[in-house]
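# Summary of the model geometry
Each chain, written out:
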Amino acid sequence: MKVTFLGTGTSQGIPVIGCQCNVCQSEDSHDKRLRSSVLIELDNWSIVIDSGPDFRQQMLREKVNKLNGILFTHEHKDHIAGLDDVRAFNYLHKKPAEVFAEERVLKAIRQEFFYAFEKDPYPGVPVISLNEINEKPFALDGIQIIPIRGLHYKLPVLGFRIGDFTYLTDFNYISESELKKVIGSKVLVVNGLRKEEHISHFTLSQAIELIQTIKPEKGFITHISHQLGMHSFENQKLPKGIQLAYDGLRVKL
C-alpha cells in the first residue's frame, strides 16, 4: 500500500489569504498546505479520502488517472467542494464516480451539486453514484474499509481504516469503543490543528497523546493551521515516530 498526502492544511489552507505571518510568508514547500486529503493506492486499486477545493490541483500534481472511489469524512466545504472535477474520471473510466458517505453527507452533496442529480441533467455535468455507509465495515472492489466514528465539535464525522492504515481528520473526540478499531494500525494519521485549545479539532498535544496511546510504527499530524508554526522548527520537537505530514509526502506500508 502507498499513501500520498494530497493536502495537509486546514480549511483555509496555507498560506492564508492576506496573512503576513512567518508561516504564510515561508518559502519552504513544507509550509505550503492544500486542504486535507489522502490518496491510497494498493496494486491497481486507488481511492481518495475527501475531495476539497484543491482536488483538481492535487490530482494533476500526483498524475492520478485511476480512481475507484471517494470516501467522505463529513460535509464541510473544505472536504467536498472539489467533487465536480470527478468529471475527468467519468471520461477516463466511462462510468460514474463512486462516492461513499453517510446519509447526511450524501444529502449535502445532492444539495451542493444539485445539477448533477437533476432528472434531465445538463450535458457534461459530473456523473456520481452515491453509496450510503455507516459505522459498519464495507468492501470497495474487494478491499475492506472500516469507518471510525468521531465528533467534530457536535458534528458526527468518520475516519477510515484500510488494512494497517488509519486516517482520522477533523476529530476532537473519539470514544473508547471506536478507538479499539484503530489498535494495531501501523500508520496512524490524526488532525492536530494548533497548540491552543480548539472547539472542534484535536490540538497538537491531543493528537500526539492519541498516537502514543495506539503506538503505531509511524504517526503523522495533518489538518494543520498556520497557527501551529513552521514545519522546519515544529517537526524537530515531536516525539520519536511522530512527524508533521506535508503535501506530497508518500508513505509505504
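Scroll up to find the structure this text is about.
The rules behind these values
- Residues numbered from 1 in each chain as written.
- Predicted model: local features only at pLDDT ≥ 70, side-chain atom pairs only at ≥ 80, totals over all residues.
- Heavy atoms only, no water.
- Helix = DSSP H or I, 4+ residues; strand = E, 2+ residues; numbered from the N terminus.
- Rg over C-alpha atoms; globule rule 2.2 N^0.38 Å.
- Areas by Shrake-Rupley, 256 points an atom, 1.4 Å probe, with all protein chains shown as cover.
- Pairing = 2+ DSSP bridges.
- Axes fitted to C-alpha atoms, helices over the stretch in contact; angles between N-to-C directions.
- Contact = heavy atoms within 4.5 Å.
- Salt bridge = Lys/Arg side-chain N within 4 Å of Asp/Glu carboxyl O.
- Buried < 20%, exposed > 50% of the residue type's maximum accessible area, 1.4 Å probe, protein only.
- Arc of directions from axis to C-beta.
- Polar contact = N/O pair within 3.5 Å; in protein donor to acceptor, adjacent residues only side chain to side chain.

On to the overall build of the protein chain. Scanning the protein chain from N- to C-terminus turns up seven helices and 14 strands. A globule of 253 residues ought to have a C-alpha radius of gyration of about 18 Å, and the protein chain, at 17 Å, matches this closely. Along the first, second and third principal axes, the C-alpha set of the protein chain runs to 55 × 40 × 35 Å. Total accessible area on the protein chain stands at roughly 12,000 Å², and carbon and sulfur atoms take up 50% of it.

With that out of the way, let us pick up the sheet that holds strand 12 (residues 218-222). By definition, the strands of a sheet pair up through backbone hydrogen bonds, in either a parallel or an antiparallel sense. Strand order in the open sheet formed by seven strands is 7-8-9-10-11-12-13, with mixed pairing between adjacent strands. For this open sheet the edge positions go to strand 7 (138-140) and strand 13 (242-244), each flanked by a neighbour on one side alone. Taken over all neighbouring pairs, the strand axes of this sheet differ in orientation by 25 degrees on average, direction set aside. The pairing of strand 9 (residues 155-162) with strand 10 (residues 165-168) spans three bridges and is classified as antiparallel. The residue bridging Phe160 from the neighbouring strand is Tyr167, located in strand 10. Contacts from helix 6 (residues 204-214) reach strand 10, strand 11 (187-191), strand 12 and strand 13 within the one sheet, and its direction differs from that of strand 11 by about 160 degrees.

Now for the pattern of salt bridges. Two side chains carrying opposite charge are able to pair once their charged atoms lie near each other. Counted under the stated rule, the structure contains 14 salt bridges. Glu102 is paired through a salt bridge with Arg149; the nearest N and O atoms lie 2.9 Å apart. With Glu102 in the loop between strand 5 (97-101) and helix 4 (103-112) and Arg149 in strand 8 (residues 143-152), the pair connects residues that are 47 residues apart, well separated along the chain. Given the relative accessible area of 10%, Glu102 is considered buried. For Arg149, a relative accessible area of 16% puts it in the buried group. Where Glu234 meets Lys195, a salt bridge forms, and the shortest distance between an N and an O atom there is 3.0 Å. Separated by 39 residues along the polypeptide, Glu234 in helix 7 (residues 231-234) and Lys195 in the loop between strand 11 and helix 6 bring together distant segments of the chain. Here the residues in one salt-bridge network are Arg61, Glu62 and Arg250, joined through shared partners.

Right, let's talk about unusual backbone geometry for a bit. The omega angle of the peptide bond from Ile14 to Pro15 is 5 degrees, so this bond is cis rather than trans. Assignment of secondary structure puts Pro15 in the loop between strand 1 (2-7) and strand 2 (37-42). Unusually for a residue other than glycine, Lys63 sits at a positive phi of about 55 degrees.

It is worth spelling out helix 4 at this point. Taken residue by residue, helix 4 has Val105, Leu106, Ala108 and Ile109 as its buried positions. The buried side chains of helix 4 occupy one side of the element, clustering within an arc of 160 degrees when seen end-on. Each element contacted by the buried residues of helix 4 is listed here: strand 5 and strand 6 (128-132).

Once that is clear, we can look at the environment of Glu135. Its place among the elements puts Glu135 in the loop between strand 6 and strand 7. Other than its neighbours up to four places away in sequence, Glu135 contacts Pro147, Arg149, Leu158, Glu178 and Lys181. Within polar-contact distance, the side chain of Glu135 engages the side chain of Arg149 at 2.9 Å.

So, on to helix 6. Listing the buried residues of helix 6 in full gives Leu204, Ala207, Ile208, Leu210, Ile211 and Ile214. Seen from one end, helix 6 has its buried residues packed into an arc of 160 degrees, which puts them on one side. Structurally, helix 6 contributes buried residues whose contacts are with strand 10, helix 5 (176-179), strand 11, strand 12 and strand 13.

So, on to the sheet that holds strand 1. Overall, mixed pairing links the seven strands, which are arranged 6-5-4-3-2-1-14 in an open sheet. The sheet is open, and its two borders are formed by strand 6 and strand 14 (250-252), each paired with just one other strand. This sheet shows a mean twist of 20 degrees between the axes of neighbouring strands, independent of strand direction. Pairing geometry for strand 2 and strand 3 (residues 45-49), over five bridges, is antiparallel. By the bridge assignment, Leu42 is partnered in strand 3 with Trp45. Packing against the sheet, helix 4 makes contact with strand 5 and strand 6, and its axis sits at approximately 160 degrees to strand 6.

Time to look at the pairing of strand 9. With respect to burial, strand 9 is a largely interior element, seven of its eight residues being buried. Here strand 8 folds back onto strand 9, and the loop between the two strands holds two residues, one of which, Tyr153, carries a positive phi near 65 degrees.

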